[in-house]
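If you want the building blocks of each chain, they are given just below.
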Amino acid sequence: MKNLKKKFRFRINLKSKHLLAIMTLFCLSCIVATFASGISTAPLQETAGIVIVPFEKSIEKIGSMVRSVRDSFKDKQDLLFENEELKALLGKFARVSPIIGMEDPLHYRHKVHAVMGYEKGEPIAGVYQEKSHRLVRVDQCLIENEKADAIIQSIRGLLKSFKIKTYDEDSDRGLLRHIMVRVSHATGEIMVILVLRSPILPSKNNFAKALLKLHPEITTIVLNVNDKKTTMVLGQRDIVLYGPGFIYDSLCGVRFRLSPQSFYQVNPLQTEILYREALKLAKLTKKDKVIDAYCGIGTIGLIASRQAGSVLGIELNREAVKDARENAKHNQCKNIEFACADAGEYMVEMAQDGEKADVVIMDPPRSGSNEAFLSSVCRLSPNRIVYISCGPQSLARDLDYLTAHGYRTERIQPVDLFPMTVHVETCVLLSKLGQ
């Protein structure tokens, strides 16, 4: 009866397609804003002017509407599965399996990015308010790695004594634009990236020593130079201030080298689940020739190489390909190669030369793929396509094309890579008609 009531309640509320976003904003705003204003009678701690309320006490005060952050976002599994919009987008292709959730959805982001600015004359670190460039101060966040948050606050605390000014985008003045911290889940190594408007950091060696005194666990510190008036976070130039300039992490037993420019999923625990699901759908054998399109630093391809006969990773970003080759060498993977090229154009050339692939694994950005790329996949005519998507709308558009050009959708498996948000990753298996 309890489950029936719960499901019935969700069905009523699903009349609003923005329910999940509203729940997310409500929960987080209740914790951060309501209790920061002092309404709670729970014991409070004050850090740098921000009131921090013990997690469980904060939740008790929210009332019957939300039982706890963990429980409320476990309901995301039911909501996304029952969500009429998701079913309308993908249900016409195949049955959408229940989403695979995260056991403990707190502090999962192992890459933390802070925008730097000023508030009442004091340097602050935070994020932009949605659809604006208004900087909102953030000292701690329930979804961010706690060590990364602490390092960002320590850097903020050092700025005045070293006379380092934060960047102001309106006047195009100031030095420190962003701080990015990567924490390796597997090794514990930490990379700190300071994004500067110019390559000159005052007393840079002393600054590094002061930071390392506060956080000796830091593995490497890198200065990234972004001197353009742009919304892009990182510039093209990296200057190593301390350590090797990279860190290592592991996924599914494969070790990866991460540089400042490397694309790497922010939630390593759920990424392992995502990739295992993708490879389970691919059903690889030692006879299979696999193409890993949009391969980045080679994460999926290197993991797949342990099951496949051969793997070809294709990536347009030259630095990513360099990291991918280093990763292959480090893991002694001899049945994988990488090409620095546009994946669509490369596959068209392969098809023209009479080359074949048994499986294509594609993991495009949130905007999805494009018709030129999808056309090249169909021309290459692999037996199976594994599509890893982070955008249901673009996925539905691309599945429309693929199913109209000789493929059928076999399986759809969502994975919650971003707990406490409305975003979801989806693995899809497509098979060639007639197989």
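Worth saying up front: this structure is predicted, and the values here are computed from it rather than measured. (Residues numbered from 1 in each chain as written. Predicted model: local features only at pLDDT ≥ 70, side-chain atom pairs only at ≥ 80, totals over all residues. Heavy atoms only, no water.)

1. Some thoughts on the pairing of strand β4 (residues 122–128)
Here is step 1 of the chain: Across five bridges, the pairing between strand β3 (residues 111–119) and β4 is antiparallel. Bridge pairing in β4 places Glu119 opposite Glu122.
Here is step 2 of the chain: In sequence, β3 turns back onto β4 through a hairpin of two residues, with Lys120 there showing a positive phi of about 55°.
Here is step 3 of the chain: The pairing of β4 with strand β5 (residues 135–137) spans three bridges and is antiparallel. (Pairing = 2+ DSSP bridges. Helix = DSSP H or I, 4+ residues; strand = E, 2+ residues; numbered from the N terminus.)

2. Re the sheet that holds strand β6 (residues 176–183)
Here is step 1 of the chain: With mixed pairing, seven strands are arranged side by side in an open sheet as β5-β4-β3-β6-β7-β8-β9. Of all strands in the sheet, those with a lone pairing partner are β5 and β9 (237–242), marking the two edges. Along the sheet, successive strands turn relative to each other by an average axial angle of 35°, direction set aside.
Here is step 2 of the chain: With five bridges joining them, strand β8 (residues 220–225) and β9 adopt antiparallel strand pairing. From the neighbouring strand, Val225 faces β9, where its bridge partner is Arg237.
Here is step 3 of the chain: Contacts from helix α6 (residues 146–158) reach β3, β4, β5, β6 and β7 (190–196), with the element oriented near 150° to β6. (Axes fitted to C-alpha atoms, helices over the stretch in contact; angles between N-to-C directions. Contact = heavy atoms within 4.5 Å.)

3. Remarks on the packing of helix α11 (residues 343–352) against helix α12 (residues 371–380)
Here is step 1 of the chain: For the pair α11 and α12, the least separation of the axes is 8 Å and the interaxial angle reads 25°. As the angle between them shows, α11 and α12 are arranged roughly parallel. The handedness of the crossing between α11 and α12 comes out as left-handed. Judged by residue contacts, Ala343, Gly344, Met347, Val348, Met350, Ala351 and Gln352 of α11 engage Phe373, Ser376, Val377, Arg379 and Leu380 from α12.
Here is step 2 of the chain: When its residues are assigned to classes, the contact of α11 with α12 shows eight nonpolar, three polar and one charged. (Parallel < 35°, antiparallel > 145°, perpendicular 65-115°, else oblique. Left-handed = near helix turned anticlockwise from the far one by under 90°. Nonpolar A, V, L, I, M, F, W, Y, C, P; charged D, E, K, R; others polar.)

4. A few points about unusual backbone geometry
Here is step 1 of the chain: Although it is not a glycine, Ser203 adopts a positive phi angle of roughly 50°.
Here is step 2 of the chain: Looking at the secondary structure, you find Ser203 in the loop between β7 and α7 (204–214).
Here is step 3 of the chain: For Ser203, a relative accessible area of 44% corresponds to the partly exposed category.
Here is step 4 of the chain: Here the phi dihedral of Gln332 falls at roughly 55°; this positive angle occurs in a residue that is not glycine.
Here is step 5 of the chain: Of note, Gln332 is situated in the loop between α10 (318–330) and β14 (336–340).
Here is step 6 of the chain: Gln332 gets classed as exposed once you look at its relative accessible area, which sits at 66%. (Buried < 20%, exposed > 50% of the residue type's maximum accessible area, 1.4 Å probe, protein only.)

5. Remarks on a negative patch on the surface
Here is step 1 of the chain: A surface patch of like charges, here negative, comprises Asp342, Glu345, Glu349 and Asp353.
Here is step 2 of the chain: As for its position among the elements, Glu349 is in helix α11. (Patch = residues over 30% accessible without salt bridge, like charges linked within 9 Å, V, L, I, M, F, W, Y side chains within 5 Å. Areas by Shrake-Rupley, 256 points an atom, 1.4 Å probe, with all protein chains shown as cover. Salt bridge = Lys/Arg side-chain N within 4 Å of Asp/Glu carboxyl O. Lys, Arg positive; Asp, Glu negative; His and termini not counted. Charge placed at Lys NZ, Arg CZ, Asp CG, Glu CD.)

6. Notes on the environment of Ile291
Here is step 1 of the chain: Among the structural elements, Ile291 can be located in strand β12 (residues 289–293).
Here is step 2 of the chain: Assessed through its relative accessible area of 0%, Ile291 is described here as buried.
Here is step 3 of the chain: For the pair formed by Ile291 and Val311, sequence separation is 20 residues and the distance between their alpha carbons is 5.7 Å.
Here is step 4 of the chain: In contact with Ile291, other than residues within four places in its own chain, are Leu312, Ile314, Met347, Met350, Ala357, Val359, Val360, Ile361 and Leu380.

As far as function goes, none of this settles anything; it's purely spatial.
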